[in-house]
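What follows is each chain in one-letter form.
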Amino acid sequence: MIETEIEFGATPELTADMIRAQLDLLVRDEVFRSSKRSVAFLKYVVEQTLNGLADQIKERTIGVDVFGRDLSYDTNLDHIVRTAATELRKKLATYYVDEKHRSELRMELVPGSYIPRFVLPGQARHAQADAESESETGENLLETHSPQLVRPVPLVGFKNAHERTAPWWRRAYRGVAVALIAATAIILWFSWLHQASPEDLFWMPVVETPGPVLVAVGDHPNGPPTLPIMDGNGSPLTPVPGLDSSQTVPFADTVTIARVVGALEARKKQVVIRMGHSSSFSDLRGGAVVLIGAFNNEWSLRLTRQLRYSLAMDPDRHLIYIRDAKNPNSLSWCWGTNQPREPVTGANSPKLQDFALISRIRDSETGHVVVVIGGLYTYGTEAAGEFLSDTELMREVVKQARRSGTGQNLQIVLGTTVTDGTPGPPRVLAVSSE
């Protein structure tokens, strides 16, 4: 336990059990339940500190132990730890600003480091009383504006030396310095966001998810999907792919797979590729997922059914289409399932229109980020892959997404004109961010 004397009077003993009890309250609160990353980050740094290992809490060790990065990963290129720390500080501030939490043990990260500090109830009002660092090396990572903190040593049998209050001018100087450092960090963070490429912004939620990315490829190429028997409630039904799976993948889908894998590996993400029928729900729960294919991929059909844009079909008209929940009767983005499978070529061959849907969602079923990339037919899938590597088109989508909303779910509807069996450049038809 920790015993401290301060000018404001005797301080109650702070124990590891008290800290862990408060940690449990934090991670179960609604502020944290929506962010597994913040929960993992906070649990890690608290336990490391309680185990006397706070001196080992560094950006690289957090990246490796919490976020599954390689030991040699480049912290200058991969900002996941700094991003997660910023998010954690905001969530802690949001939690403690609520009046009902004012009487609880307070947790926060020491400015300039990732080490946690703990303030007992009733002492938070004296947060201007600085604790001077006792380190012989002159390091001030544990310097704090709180009257009590946990240092990187075992708790059992340890007592802090007498804490002295710094002069007012020194406290003011430190306060200004901390404010300047925080402001600089915020400016650098927003500067990085604006400098990041549109591709980086699109893939960021996937890249920041710990562990490898599962790429599940559609493998039901034989015939259009079917609709299940009506359930009588009048709600739209999710189409079901054909029962026959195949070990072959259309060439256009292969091109898109190569583009996706290249984008992820360029961002230091390990990729696991599997056929759709061999990917279980347990596999999808393991981390971030990219689904290639629309009507030939059961998971694409299932995981987009509750979104604004989903995959639907009209068997009476022999159409598959992208359904807009806000305009459900529209069949503007459709493909005829009774068209010849082989493209008609030649000078007088008709031009076809294919459409594609790209969805990046925080899926409630899997608990992770899911990206769905698929065309109504194979031409649309190829055009979607081309779109993901087109900086100018993606930049325009980022602008539209910011205007339409700030939600975690991003959906993009694309169109392409097919000539002689070859899709033309992708066109952005609709963007939704909810």
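In this numbering scheme, every chain counts its residues from 1 along its sequence in written order. Only residues with pLDDT of at least 70 are given local features in this predicted model, and only at 80 or more are side-chain atom pairs given and counted; all residues enter the totals for whole chains, interfaces and linings. Water and hydrogen atoms play no part in the side-chain values, which are based on all heavy atoms of the structure.

1. Things to note about the overall build of the protein
Logical step 1: A run of H or I in DSSP counts as a helix once it spans at least four residues, and a run of E counts as a strand once it spans at least two, with each numbered from the N terminus. Check the secondary structure of the protein and you find 12 helices and 15 strands.
Logical step 2: For the protein, buried positions account for 47% of its 434 residues.
Logical step 3: Note on definitions: a residue-residue contact is assigned when non-hydrogen atoms from the two residues lie within 4.5 Å. A separation of at least 24 residues holds for 64% of the contacts in the protein among residues at least 6 apart in sequence.
Logical step 4: Under the convention used here, a 1.4 Å probe and the Shrake-Rupley method define accessible areas, while residue burial counts only the protein chains that appear. Entry remark: accessible area of the protein is about 21,800 Å², with carbon and sulfur atoms responsible for 54%. Per-residue accessibility, obtained with a 1.4 Å probe over protein chains only, is compared with the maximum for each type, and a residue is labelled buried under 20%, exposed over 50%, and partly exposed between these values.

2. Topic: the side chain of Ser 113
Logical step 1: By the element assignment, Ser 113 lies in the loop between strand E3 (106–109) and strand E4 (116–119).
Logical step 2: Pairs of N or O atoms within 3.5 Å make up the polar contacts considered here, provided that, within protein, one atom can donate a hydrogen while the other can accept it, and that residues adjacent in sequence are counted only when both atoms are side-chain atoms. At 3.2 Å, the side chain of Ser 113 and the backbone nitrogen of Ile 115 are in polar contact.

3. Examining the packing of aromatic side chains
Logical step 1: Two rings from Phe, Tyr or Trp (for Trp, the six-membered ring) form a pair when their centres sit within 6.5 Å of each other. Planes less than 30 degrees apart are called stacked, planes more than 60 degrees apart edge-to-face, and all others tilted. By the definition in use, this model includes 9 aromatic pairs.
Logical step 2: Among the aromatic residues, those joined into a ring-pair cluster are Phe 41, Phe 67 and Tyr 114.
Logical step 3: We note Arg 60 situated over the ring of Tyr 73; from NZ or CZ to the ring centre the distance is 5.5 Å.
Logical step 4: In this arrangement the basic side chain of Arg 360 is found over the ring face of Phe 202, its NZ or CZ atom lying 5.6 Å from the centre. Geometrically, a lysine NZ or arginine CZ counts as sitting over a ring once it is within 6 Å of the ring centre and also within 35 degrees of the ring normal.

4. Quick notes on the confidence of the model for the protein
Logical step 1: A residue's pLDDT is the predictor's confidence in that residue, given on a scale from 0 to 100. Counting all residues, the mean pLDDT for the protein is 77, and 72% of those residues have values of 70 or more.
Logical step 2: Predicted confidence for residues 1–11 stays below pLDDT 50, and this span has 38 contacts to residues more than four positions away or in other chains.
Logical step 3: Under a pLDDT of 50 for its full length, residues 125–165 has, in the predicted model, 108 contacts with residues more than four places off or in other chains.

5. Notes on the pattern of salt bridges
Logical step 1: Whenever a carboxyl oxygen of Asp or Glu lies within 4 Å of a side-chain nitrogen of Lys or Arg, that contact is scored as a salt bridge. The tally for this structure, following the rule as stated, stands at 15 salt bridges.
Logical step 2: Close ionic contact of Arg 305 with Glu 365 constitutes a salt bridge, the shortest N to O distance being 3.8 Å. Of this pair, Arg 305 sits in the loop between helix H10 (298–303) and strand E8 (309–314) while Glu 365 sits in the loop between strand E11 (352–362) and strand E12 (369–375), and the two are 60 residues apart along the sequence.
Logical step 3: Judged by its relative accessible area of 39%, Arg 305 is partly exposed.
Logical step 4: Judged by relative accessible area, Glu 365 falls into the partly exposed class, the value being 32%.
Logical step 5: Each of Arg 37, Glu 87 and Glu 208 takes part in a single network of salt bridges with overlapping partners.

6. Focus on the nonpolar core
Logical step 1: We call a set of buried Ala, Val, Leu, Ile, Met, Phe, Trp, Tyr and Cys residues a nonpolar core when their side-chain atoms join them within 4.5 Å. Of all hydrophobic cores here, the largest spans 36 residues; its most connected members are Phe 32, Phe 41, Leu 42, Val 45, Val 46 and Ile 62.
Logical step 2: Elements with a contribution of two residues or more to this core: helix H1 (16–28), helix H2 (30–33), helix H3 (36–50), helix H5 (80–97) and E3.
Logical step 3: Here this core takes 8 residues from H5, the largest share from any one element.
Logical step 4: Apart from residues lying up to four places away in sequence, Phe 41 is in contact with Ile 62, Val 66, Phe 67, Val 81, Ala 84, Ala 85, Leu 88, Leu 109 and Tyr 114.

7. Comments concerning unusual backbone geometry
Logical step 1: Phi at Lys 268 takes a positive value of approximately 65 degrees, unusual for a residue other than glycine.
Logical step 2: Located in the positive-phi region is Asp 420, a residue other than glycine, with phi close to 50 degrees.
Logical step 3: Following the sequence through the fold, Asp 420 ends up in the loop between strand E13 (410–419) and strand E14 (422–423).

8. As for the environment of Arg 308
Logical step 1: Structurally, Arg 308 can be placed in the loop between H10 and E8.
Logical step 2: Taking the C-alpha atoms as reference, Arg 308 lies 9.6 Å from Ser 433; in sequence the two are 125 residues apart.
Logical step 3: Sequence-distant contacts of Arg 308, that is, excluding residues within four places in its chain, are made with Arg 323, Asp 324, Ala 325, Lys 326, Gln 411, Ser 432 and Glu 434.
Logical step 4: In terms of polar contacts, Arg 308 uses its side chain to reach the side chain of Asp 324, at 2.9 Å.

9. Notes on the pairing of E3
Logical step 1: Strand pairing follows a simple DSSP-based rule, namely that at least 2 bridges must link the two strands. In the sheet, E3 pairs with E4 via 4 bridges, with the strands oriented antiparallel. The partner of Arg 106 across the bridge, within E4, is Val 119.
Logical step 2: Hairpin remark: E3 followed by E4, antiparallel, with 6 residues in the connecting loop; positive phi at Gly 112, about 85 degrees.

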